[in-house]
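Read off the chains here:
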Amino acid sequence: MRLVAALAGLLAGVAAAAAAEGVRGLPFTRSYPFEEIGNVPRGARLSFDAFGRVAVIHDGVYSVLNDTVWVDMGDREAERGGVSMANVALADDGSAYYGGLGSWGTAQLAANGRLCPSPKNPADAPDWTLNTSFTELVATADGAYFAGWNGIVFWDRARQENRFFECAGVAKIFRVGDRVFVSAHGRALHTIDVRSGVLREVPEAAFGGVAVECTTPLDETHVLLSLRDGRLVVFDGRTASPWPAQARHQLTGFVSNLHRLVDGGVAVAITGKGLFLISEEGEMLSSMTTPQHHRITAIATREPGVLWVAGEDAVEKVLYAGSLTSFGQRLGLPVSWPIVLRWRDRIVVSSSGQLYEAVAGPPGAPSRFALMAGQPAGGAWAVAARGAQMLVGNVTGVFATEGENGFVRVADIGEVAHLAMVESGHCYAIGRKEIAVLRWANNRWSECAPRIPGLGHPAVVHAAKRSAWVELGGNKVARISLSGDRLKLQMFDDLPWKDAQWVNVGIVGDLVVLGGTAGERIFYDEKTEARCEAPELQRLLGRSPYWITRIQKDDAGTLWAAHHQGVVTFTPVDGGYEMDASTFDLINDQYPVVHLLPGNDVWFSTGRSLHHVERRRGPEARTPLQPMLVSVVDGRTNVELRERPATSAAPLQLPFAQNSLSFRFFSGGYSWRRAPVYEFRLNGGDRWATLGSGSLLSFPGLREGRYRLEVRIAESSQRSTGSPVAFAFEILPPWHRTWPAYASYGLGLVLALAGVIRWTGHRTRRRNLALERLVEERTNQLKSAMEKLNEETRNLATLAERQRLAGEIHDSLQQGLSGLMLQLDATLKLPTLPGDVRSRLNVARNMVSFTRHEVQNAVWDMESPLLDDGELGGALRKLTTLISPGAVAMDIAVSGAPAALPPTIKHHLLRIAQEAITNAVRHASATRVSVRLDYRPDAVSLAIADDGAGFSPDEVMSKSIGHFGLRGLRSRASKIGGELRIESSPGQGTQVRVVVPTSLFSDASQRSA
């Protein structure tokens, strides 16, 4: 029984594999509309430039595809000058030739990086060349052939001369070995004899006058020709024979283009039918018969697996040998969150609530999808299948297939969102409101356990061996299993990370992988129903350049690990795993879901795409991506700085004015689905920097010095990575930072130093003279200051001596005289005193009184306590109270802003006031005395006026004896530089006025005693 079961499983796997072989989609294509390429009309030609970049060529247009950016290299100036390049051909040595209307020659890159024509047509060229468009070109080692409707021109490169072959109705020229043939309408095939300058007929190749339309070499000695009548023949230079593959695959119709594939085989474009790829053995490898391939005007290829075709509206890249094919509306399948399954060895897809079945096409043709008959009412939104059994769920319930006649309801479960078929034969029906489990027994499906409440909105469901896992979002996952005869629901909402917004589920055998954000995973063992550790799997997934979201394992042990931009595979090899991180890049499809069907049939799906992994071919061709430097441009002038191709390995030396550089790189091929990502480093840095977008790298404002630029293709996003390309260049310093400049700087510095030294010496001499003058002035000032200091010292000593004498006189002589007067007054009061004695004692008393007053005046002249407060007005007020405490009316007035007067001036002004007031009180018998002190900006004025007896100043001052008071007034005024005026007359009172200018205050301060 086991043997029978194993044999049945083997046969089922073989049948499944055979069915998988019959289902294939369209190869990956990338379309470039003409509007994106440039001013390109229909009928443009395809070729390749010296770097291997595909080029679109039309009159005046030469646009190359640099990875993802089209660069127009056509020369507009030449086109305006009447020279237009209609076609360009590349010789084996890299030389480029062009042909145009009435013009032919070589094509060379100019300083601005554009491809410029260099005409070779002489002034005496035949007239038939002037109106001939030379669009057919064949380049050989000896030169180039330029053909048009009226004839052929051969440019002999060695002799630098033209040879002309007039021939009406030329349709095609082609090469077989070293010979070049000409096909013309209504004429036999001819070969060109350059030496003799004639066209020789090839009688064995009788095409019945039918012209050749397209040619492509099959090998060194055979070419494949398509004739205007639709025949495909193989020509060896002498005879022609039918191409067997044409009859085998019924390739009838007008062949618009032919091209030999680099990896063997031929691409044939037939107008109105499509593009067909035939192997060297004559098998149909692929046929693309969709409408956009019905009118192909040009084909080009130069690397395995990559084919370029030009249609009516666009140029298309076809990865015909890729491991992935795609399905979509063009094949009858509108894709919307598809579910792929195998039922009865047929591929069935649920999309947009409907079931589609794959229908295999002819050999090499893609499979198409058709709606299945008898679909259940309510649609097919959830689908699961195993062998001959298929279940469909929708909002009304669960339905099962009933033979080939349609579906029958097996359970009334509302709003079924997912069906998960597990290995035990159970199927979990997961609805929004309730969950049920169905089992196939007794040739029918029935529920085998009570239902449990639903999960609301289950997003993604994965079928494990024994259970169903549900991704719920919001950092939650659910597990549904059958425990005995009861459904069991486990919620995983206590996951160790808190930041994850979505938890993805992967299944590897009995191991379930729960993945959160990058770097966070936990593992669950289905056998033990508990969390576990899986270090080996953790390390294996860590090798991926992408964070793996979901993972599955097929029957061969290969791990299919999905990430946000594709799928990484880990294939078991020699006890380990070989990782492939680039074959299954999905370009714009993110977070794919891997569908593993029986027989290791692998499908990928996203919300709007469906891909199938092809197994019929061998390993996908992997052309190493080797970046190459194609252009170095001055960023300021947009001038190309590097010869192309480079003729010297020496570093490029550039002047400092060209220190803003732009480097353009090319990946070397187009076998990628996702555009190459470049990494670079400058001068051997420790880290590689990623080039943001495209392949253009700019360095504005480089410093002078030597540089080494290294560029490589990033491993994480490419099919394979070549070694880095290195480019050395040098930015020369500006003139002001060169050795001659430095020498001139040194000379200038020496001269400047000499000038500075000379100027410094001159300045030092001037400074010394100035210092000498300053020293002399300071010495004179010091002498003057010393003299003043000595004078002040003497004045201070005199003042101190005066104060001492005043104290001594006051304490001794004045006190003694006062005591004597008291004794005399007491004696005079005695009644017994005789008259003559009393008379003599009165005389003595008067003499003592006079002496006392003189002594008192002398003491006052030495020291006056009235000036202790420092203000002259206050001292005058105190003075009046001492002289006449009430017998005479005193009037003191001070006007103006009080100024700080030197002590000498205040002292003498106070003594002048004292003398004048005393004279008025004692001698003039005045009843009123007025004192006026006036502070003016230019002087200080002191005036004392009384209403006393008065006198004649001139008469008094003329006497030589007595009147010491008035003489003292003049003496004191003279000492302080003041002007003294005495105005008086007998019986008219007296006015004494002294005016001291403010300009004399400083001098008075220095003379103060």
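Just so it is clear, the model here is predicted, and its values are computed rather than measured.

Any chance you could explain the overall build of the protein chain here in plain terms?
Looking only at helices and strands, the protein chain has 13 helices and 70 strands in total. When burial is assessed residue by residue, the protein chain has 47% of its 1009 residues classed as buried. Sequence-distant contacts, at least 24 apart, represent 53% of the contacts inside the protein chain between residues at least 6 apart. Of the roughly 49300 Å² of accessible surface on the protein chain, 53% is carried by carbon and sulfur atoms.

Explain the pairing of strand E5 (residues 69-72) to me, please; I cannot follow it from the model alone.
Walk down a regular strand and you will see the side chains alternate between the two sheet faces. Both strand E4 (residues 61-66) and E5 contribute to a ladder of four bridges, which runs antiparallel. Within E5, the position partnered with valine 64 by the bridge is valine 71.

Teacher, can you tell me more about helix H5 (residues 535-542) here?
Residues that lie three or four places apart on an α-helix share one face, since the helix turns once every 3.6 residues. Buried residues of H5: Leu537, Leu540 and Leu541, and no others. Angularly, the buried residues of H5 cover 95 degrees about the axis, an arc narrow enough to put them on a single face. With respect to the buried face of H5, the exposed residues turned more than 90 degrees away are Arg539 and Gly542.

Just to check I follow, could you spell out the sheet that holds strand E59 (residues 652-654) for this structure?
In a beta sheet, neighbouring strands are held together by backbone hydrogen bonds and run either parallel or antiparallel to one another. Reading across the sheet, the five strands line up as E59-E65-E64-E61-E62 and stay open at both edges, with mixed pairing between neighbours. Edge positions in the sheet fall to E59 and strand E62 (689-690), since each of these pairs with one other strand and no more. Direction of pairing for strand E61 (residues 678-682) relative to E62: antiparallel, over a ladder of two bridges. Paired with phenylalanine 680 across the two strands is alanine 689, which belongs to E62.

Would you mind going over a nonpolar patch on the surface with me for this structure?
Together, Trp735, Trp739, Tyr742 and Tyr745 line one region of the surface with nonpolar side chains, adding up to about 580 Å² of accessible area. When you line up the elements, tyrosine 745 lands in helix H6 (residues 739-811). Judged by its relative accessible area of 38%, tyrosine 745 falls in the partly exposed class.

In this structure, what is going on with a negative patch on the surface? I would like to understand it.
A surface patch of like charges, here negative, comprises Asp263, Glu280, Glu281 and Glu283. Checked against the element boundaries, aspartate 263 lands in the loop between strand E22 (255-260) and strand E23 (266-270).

Any chance you could explain the pattern of salt bridges here in plain terms?
Pairing is possible between side chains that carry opposite charge, provided their charged atoms lie close to one another. Throughout the structure, instances matching the rule amount to 36 salt bridges. We note a salt bridge from aspartate 49 to arginine 53, for which the minimum N-O separation is 2.9 Å. The buried category is assigned to arginine 53, whose relative accessible area is 2%. By sharing partners, the salt bridges in this structure join Arg42, Arg295, Glu312 and Asp313 into a single network.

Honestly, the sheet that holds strand E10 (residues 136-139) in this entry has me stumped. Any pointers?
Strand order in the open sheet made by the four strands is E10-E11-E12-E13, with antiparallel pairing throughout. Unpaired on one side and paired on the other, E10 and strand E13 (161-166) mark the two borders of the sheet. Adjacent strand axes in the sheet meet at a mean angle of 15 degrees, parallel and antiparallel pairs treated alike. Bridge analysis of strand E12 (residues 151-156) against E13 gives six bridges, and the strand direction is antiparallel. When the sheet's bridge partners are listed, aspartate 156 is paired in E13 with glutamate 161.

Whenever I open this one, the nonpolar core confuses me. Can you help?
Core analysis: the biggest nonpolar cluster contains 48 residues, and Trp308, Phe663, Phe665, Leu709 and Phe729 have the highest contact counts within it. Core analysis: the second largest hydrophobic core is formed by 33 residues, Leu876, Val956, Leu966 and Ala973 among them.

I tried to follow the confidence of the model for the protein chain on my own but got confused; where do I start?
Low pLDDT means the predicted atomic positions in that stretch should not be read closely. Looking at the protein chain, pLDDT values average 85 and 89% of them are 70 or higher. Considering only residues more than four positions removed or in separate chains, one finds that residues 1-20, a stretch of pLDDT under 50, has 14 contacts.

Whenever I open this one, the environment of threonine 528 confuses me. Can you help?
Counting through the fold element by element, threonine 528 comes out in the loop between strand E49 (521-525) and strand E50 (530-532). Judged by its relative accessible area of 53%, threonine 528 is exposed. In this structure, the C-alpha to C-alpha distance between threonine 528 and aspartate 510, residues 18 residues apart in sequence, is 9.5 Å.

Hey, could you run me through the packing of aromatic side chains in this one?
Pairs of aromatic rings are described using the distance from one ring centre to the other and the angle between the two planes. Evaluation of the coordinates by the stated rule reveals 32 aromatic pairs. Arranged with centres 6.3 Å apart and planes meeting at 65 degrees, the rings of tyrosine 97 and phenylalanine 146 form a pair that is edge-to-face. With tyrosine 97 in strand E7 (residues 96-100) and phenylalanine 146 in strand E11 (residues 143-148), this residue pair connects regions lying 49 residues apart in the sequence. With respect to class, tyrosine 97 is no different from phenylalanine 146; both count as buried.

Explain the environment of tryptophan 343 here, please?
Looking at the element boundaries, tryptophan 343 is found in strand E30 (residues 339-343). Note on tryptophan 343: relative accessible area 2%, which makes it buried. The sequence separation of tryptophan 343 and methionine 390 amounts to 47 residues, and the corresponding C-alpha distance is 6.7 Å. The contacts of tryptophan 343, once residues within four sequence positions are left out, are Val348, Met372, Ala385, Gly387, Ala388, Gln389, Met390, Thr401, Gly403 and Glu404.

What exactly am I supposed to notice about the side chain of histidine 418 here?
As for its position among the elements, histidine 418 is in strand E38 (residues 416-421). We classify histidine 418 as buried; its relative accessible area is 17%. A distance of 3.1 Å separates a polar side-chain atom of histidine 418 from the backbone oxygen of proline 458. Setting aside its immediate chain neighbours within four residues, histidine 418 contacts Ala382, Tyr428, Ala429, Ile430, Pro458, Ala459, Val460 and Val461.

What am I meant to see in the side chain of threonine 606 here?
Positionally, threonine 606 belongs in the loop between strand E56 (601-605) and strand E57 (610-613). When its relative accessible area of 10% is taken as the criterion, threonine 606 is described as buried. Within the structure, the side chain of threonine 606 is placed 2.4 Å from the side chain of serine 609, a separation counted as a polar contact. Excluding anything up to four places from it in sequence, threonine 606 contacts Trp337, Pro338, Asp589, Gln590, Tyr591 and Pro592.

In this structure, what is going on with helix H10 (residues 903-923)? I would like to understand it.
End to end, H10 covers 29 Å across 21 residues, agreeing with the expected 30 Å (1.5 Å per residue, within 8%). Burial of H10 is extensive: 15 of the 21 residues sit out of reach of the surface. Positive backbone phi, approximately 50 degrees, marks serine 925, located one or two places after H10.

Would you explain the pairing of strand E46 (residues 486-492) in this entry?
Here strand E45 (residues 476-483) runs beside E46; their pairing, made up of seven bridges, is antiparallel. In the sheet register, serine 481 faces E46, and the bridge partner there is lysine 488. Connecting E45 to the antiparallel partner E46 that follows it, the hairpin turn spans two residues, and glycine 484 within it adopts a positive phi of roughly 70 degrees.

Which parts of the structure should I look at to understand the environment of arginine 531?
Relative to the helices and strands, arginine 531 resides in strand E50. At a separation of 3.3 Å, a polar atom in the side chain of arginine 531 contacts the side chain of aspartate 494.

In this structure, what is going on with unusual backbone geometry? I would like to understand it.
Both trends apply: most residues other than glycine have a negative phi, and most peptide bonds are in trans. Of note in the backbone geometry, asparagine 600 takes a positive phi value of approximately 55 degrees without being a glycine. Here asparagine 600 is to be found in the loop between strand E55 (593-597) and E56. In this structure, serine 925 is a non-glycine residue whose phi angle is positive, near 50 degrees. The residue serine 925 is located in the loop between H10 and strand E67 (928-935) in this model.

Criteria and thresholds
Per chain, the residues get numbers from 1 upward, laid out in the order the sequence is written. This being a predicted model, a pLDDT of at least 70 is required before a residue's local features are given, and a value of 80 or more before pairs of side-chain atoms are given or counted; all residues contribute to the totals for chains, interfaces and linings. For the side-chain quantities, the full set of heavy atoms in the structure was used; hydrogens and water were omitted. Counting from the N terminus, the helices are DSSP H or I runs at least four residues long and the strands are E runs at least two residues long. Summary of the burial criterion: residues with accessible area below 20% of their type's maximum are buried, those above 50% are exposed, and those between are partly exposed, where the area comes from a 1.4 Å probe applied to protein chains only. Whether two residues are in contact is decided by their heavy atoms, any of which lying within 4.5 Å being enough. Surface accessibility in these figures is a Shrake-Rupley result with a 1.4 Å probe; residues are shielded only by whichever protein chains are displayed. Only when DSSP finds a minimum of two bridges between them are two strands counted as paired. The reported arc concerns the directions from the helix axis to the C-beta atoms and nothing else. Note that patches include only residues with greater than 30% relative accessible area and no salt bridge, and the join distances are 9 Å for like charges and 5 Å for nonpolar side chains (Val, Leu, Ile, Met, Phe, Trp, Tyr). Note on definitions: salt bridges are taken to be side-chain nitrogens of Lys or Arg within 4 Å of carboxyl oxygens of Asp or Glu. Counted as positive: Lys and Arg. Counted as negative: Asp and Glu, with His and the chain ends omitted from the count. A charge is said to be at NZ when it belongs to Lys, at CZ for Arg, at CG for Asp and at CD for Glu. Between the N-to-C directions of two axes lies an angle of 0 to 180 degrees, each axis being a line fitted to C-alpha atoms and, for a helix, fitted only over the stretch in contact. By nonpolar core we mean a set of buried residues, namely Ala, Val, Leu, Ile, Met, Phe, Trp, Tyr and Cys, connected to one another through side-chain atoms within 4.5 Å. Confidence of the prediction at every residue is given by pLDDT, a number between 0 and 100. Ring pairs are drawn from Phe, Tyr and Trp, using the six-membered ring of Trp, whenever the two centres fall within 6.5 Å, and their geometry is named by plane angle: stacked under 30 degrees, edge-to-face over 60, tilted for the rest. Any N or O atom pair separated by 3.5 Å or less is treated as a polar contact, with the protein-specific requirement of one donor-capable and one acceptor-capable atom, and with residues adjacent in sequence counted only for side-chain atom pairs. To estimate the expected span of a helix, count its residues, drop one, and scale the result by 1.5 Å.

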